[in-house]
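Overview (structure and organization)
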Amino acid sequence: VNAKLHPRECAWIMENSEARIVIVSSDLADELRPVVPSGVDLVRIDGADFATMKQAQPLAGPTPLGADDMLWLFYTSGTTGRPKGVMITAGNVMATALTYFVDVDEVTPRDAALYAAPLSHGAGLYNFMHVMRGARHVVPESGGFEPQEILDLAKALRNVHMFAAPTMVRRLVERARAVGSNGDGIKTIVYGGGPMYLADIVEAVDVMGPRFVQIYGQGESPMCITALSRKTIADRSHPRWRERLASVGLAQSCMRMKVVDAAGNELPPGEIGEILAQGPAVMAGYWRNAQASADTLKGGWLWTGDMGAMDADGYLTLHDRSKDVVISGGSNIYPREVEEALLTHAAVQEVACIGRKHEDWGEELVAFVVPASGQMIEAGALDAHCLDIIARFKRPKAYYIVEELPKNNYGKVLKTELRARLAEQG
């Protein structure tokens, strides 16, 4: 469970998962104790109970598991409401781990896995392949993501692998550029978990070189739907390199993928629809939630809720979550496309676009914009910028200049919170 969650959020997960023992760091134990459900033993890592557990005799060997045995109960990030418990099986983890070696990166005993993102999510799921290869495992002393600390650790450790959300990649690249570093010592940064904008990854490769691999996955298919290879990310010779770099790559080796309309009919290349995935990495279902399982696993496919389009070569480009698409006057507007356009403005640091109700058009698009350091932004300039590069009907109808965007502890922008802000304003 992510240690940055509110104690009551942790308590809800404990109760929903039917946990019996919760092992907790000493700094969080006092906060959690008042809300721990009855029947749950709270074990502090600095306490006598945990010391006794560590003194137990080691097992003679690994506990045998079947492919369908549940191994990990993974709670979704809850950006759309209560998190759901994804049932990840031993077979799911095996598929993800073995496919990593084929489609993402090879691992050797000389490598080091650096955990600077939440262990409860993608970074933690990537422990398995590094355990399998006997690599080193490193948690930064800060316990979190500090760009300079990571650059220093990489130089000392060498052959560092790490997972990072796109917002983390941007911060790391900014720091590397500021101190004249090229990321020496970092072997691979796997990024995913949110939109990586084209301008950001172009700059990342310019500053740090071919150290990046992108994956697209969900808790429901952990880290394993598509991958965009290191070679493709660094390539500037292909005539369509920009389109490929803006994609999330090809289906990973153990997976199948298609894009469909609302009725489940497969769409031709280039048309936007919902992304479906199938393969041994797909979850068994949601814990104690038969209805949500039935809504998401249909016809042998995982309905991801993500919207995208696939080109003739199989490269998948994400557009938005299906719930984030704005329908204005009968026309679909994909916020990510508009965000990409706004990010090419020199004065824009970050941006998030959402829909707001409109009496005549149903919805209209608005943008929350974070200025780059030291920059002033005028709505008129942003409007003119959009009109230069995207269709008039897609441009935001209002711009809100903000100091920062609300994010969860995984770096995802909380568009639900932005919608709530609009609702409060009436």
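Anything mentioned here points back to the structure above.
Treat the numbers as computed from the prediction; the structure is a model and nothing was measured.

Procedures and definitions
Within each chain, residues carry numbers counting from 1 in the order of the written sequence. Local features are withheld for residues below a pLDDT of 70 in this predicted model, meaning they are given only at 70 or higher, and side-chain atom pairs are given and counted only at 80 or more; totals for whole chains, interfaces and linings count all residues. Computation of side-chain values: all heavy atoms of the structure, hydrogens and water removed. Only protein chains enter the calculation, and the probe is 1.4 Å; a residue is then buried if its accessible area is under 20% of its type maximum, exposed if over 50%, and partly exposed in between. Counting from the N terminus, the helices are the DSSP runs of H or I reaching at least four residues and the strands are the DSSP runs of E reaching at least two. The contact criterion used is simple: two residues touch if any of their non-hydrogen atoms lie within 4.5 Å. Strands were regarded as paired on the criterion that DSSP finds at least two bridges between them. Helix axes are fitted to C-alpha atoms over the stretch in contact, other axes to C-alpha atoms as well, and angles between N-to-C directions run from 0 to 180 degrees. What makes a salt bridge here is a side-chain nitrogen of Lys or Arg within 4 Å of a carboxyl oxygen of Asp or Glu, nothing more. Two distance rules govern patches: like charges are joined within 9 Å, and nonpolar side chains (Val, Leu, Ile, Met, Phe, Trp, Tyr) within 5 Å, applied only to residues with over 30% relative accessible area and no salt bridge. Surface exposure here means Shrake-Rupley accessible area, sampled with a 1.4 Å probe, where a residue is shielded only by the protein chains that are shown. Among the buried residues, those of types Ala, Val, Leu, Ile, Met, Phe, Trp, Tyr and Cys that are joined through side-chain atoms within 4.5 Å form a nonpolar core. Polar contacts here mean pairs of N or O atoms no more than 3.5 Å apart (in protein, one a potential hydrogen donor and the other a potential acceptor; neighbouring residues in sequence count only if both atoms are side-chain atoms). Geometric relationships in this document are graded by angle, where less than 35 degrees denotes roughly parallel, more than 145 denotes roughly antiparallel, 65 to 115 denotes roughly perpendicular, and other angles denote oblique. For this scheme, ten residues count as nonpolar: Ala, Val, Leu, Ile, Met, Phe, Trp, Tyr, Cys and Pro. Four count as charged, namely Asp, Glu, Lys and Arg, and the remainder, Gly too, count as polar. To estimate the expected span of a helix, count its residues, drop one, and scale the result by 1.5 Å.

Below, the discussion takes up helix α9 (residues 198–208). At 3.6 residues per turn, the α-helix brings residues three or four places apart onto the same side. When you tally the buried positions in α9, you get eight out of 11 residues, the bulk of the element. Along α9, the positions that sit buried rather than exposed are L198, D200, I201, V202, A204, V205, V207 and M208. In this structure, the buried side of α9 is in contact with α8 (166–179), β8 (186–191), β9 (212–218), α10 (230–234), α11 (241–245) and α13 (335–343). Just downstream of α9 lies G209, where phi reads positive at about 80°.

Pairing in this open sheet of three strands is mixed, and the strands run β19-β20-β21 from one edge to the other. At either margin of the open sheet sits one strand with a lone partner, and together these are β19 (348–358) and β21 (398–401). Between one strand axis and the next, the sheet turns by 25° as a mean value, whatever way the strands run. Pairing between strand β20 (residues 362–371) and β21: four bridges, direction parallel.

Attention now moves to the pattern of salt bridges. Side-chain pairs of opposite charge can arise whenever the charged atoms involved come near each other. Here the structure, examined in full by the defined rule, presents 21 salt bridges. For D111, the salt bridge identified is with K187, shortest N-O distance 3.1 Å. Taken as a pair, D111 in the loop between α4 (90–103) and β5 (112–114) and K187 in strand β8 lie far apart in primary sequence, 76 residues in all. For D111, a relative accessible area of 2% puts it in the buried group. Of the charged contacts, one joins E340 and R336 as a salt bridge, the two residues approaching to 3.7 Å between their closest N and O atoms. Of this pair, E340 and R336 both sit in helix α13, separated by four residues, roughly a single helical turn. Of the two residues, E340 and R336, neither departs from the other in class, the shared state being buried. One network of salt bridges, in which partners are shared, links R240, E243, R244, D311 and D313.

Before going further, it helps to examine a nonpolar patch on the surface. Together, I21, I23, I45 and M53 make up an exposed nonpolar region whose accessible area comes to about 360 Å². Along the polypeptide, M53 turns up in helix α3 (residues 48–54). For M53, a relative accessible area of 39% puts it in the partly exposed group.

Core analysis: the biggest nonpolar cluster contains 79 residues, and V169, I189, I201, M208 and F212 have the highest contact counts within it. Looking at which element gives the most residues to this core, the answer is α9, with seven residues. Among the nonpolar cores identified, the runner-up in size contains 19 residues, and V338, C353, I377 and I390 belong to it.

Once that is clear, we can look at the environment of R44. Tracing the sequence through the fold places R44 in strand β2 (residues 41–44). Along the backbone, R44 and W301 are 257 residues apart, and their C-alpha atoms lie at a distance of 41 Å. Leaving out residues up to four positions away in the same chain, R44 has contacts with V24, S26, A29, D30, R33 and F50. A polar contact is formed between the side chain of R44 and the side chain of D46, at a distance of 3.1 Å.

This brings us to the sheet that holds β8. The strand order across the open sheet formed by seven strands is β6-β5-β7-β8-β9-β10-β11, and the pairing between neighbours is mixed. Each edge of the open sheet is held by one strand with a lone partner, namely β6 (136–138) and β11 (250–251). Relative to β9, α9 is tilted by about 145°, and along the sheet it contacts β8 and β9.

Here the focus is the packing of helix α7 (residues 147–157) against α8. Packing of α7 against α8 brings their axes to within 9 Å, and their N-to-C directions diverge by 70°. Considering their axes alone, α7 and α8 lie roughly perpendicular with respect to each other. Contact with α7, carried on its side by P147, Q148, I150 and L151, involves R171, L172, R175, A176 and V179 of α8 and no other residues of that element. Per-class residue counts for the contact of α7 with α8 are six nonpolar, one polar and two charged.

Here α8 spans 20 Å end to end across 14 residues, near enough to the 20 Å set by a 1.5 Å rise per residue. Regarding α8, the residues found buried are P166, M168, V169, R170, L172, V173 and A176. Once α8 ends, the next one or two residues include G180, with phi positive near 75°.

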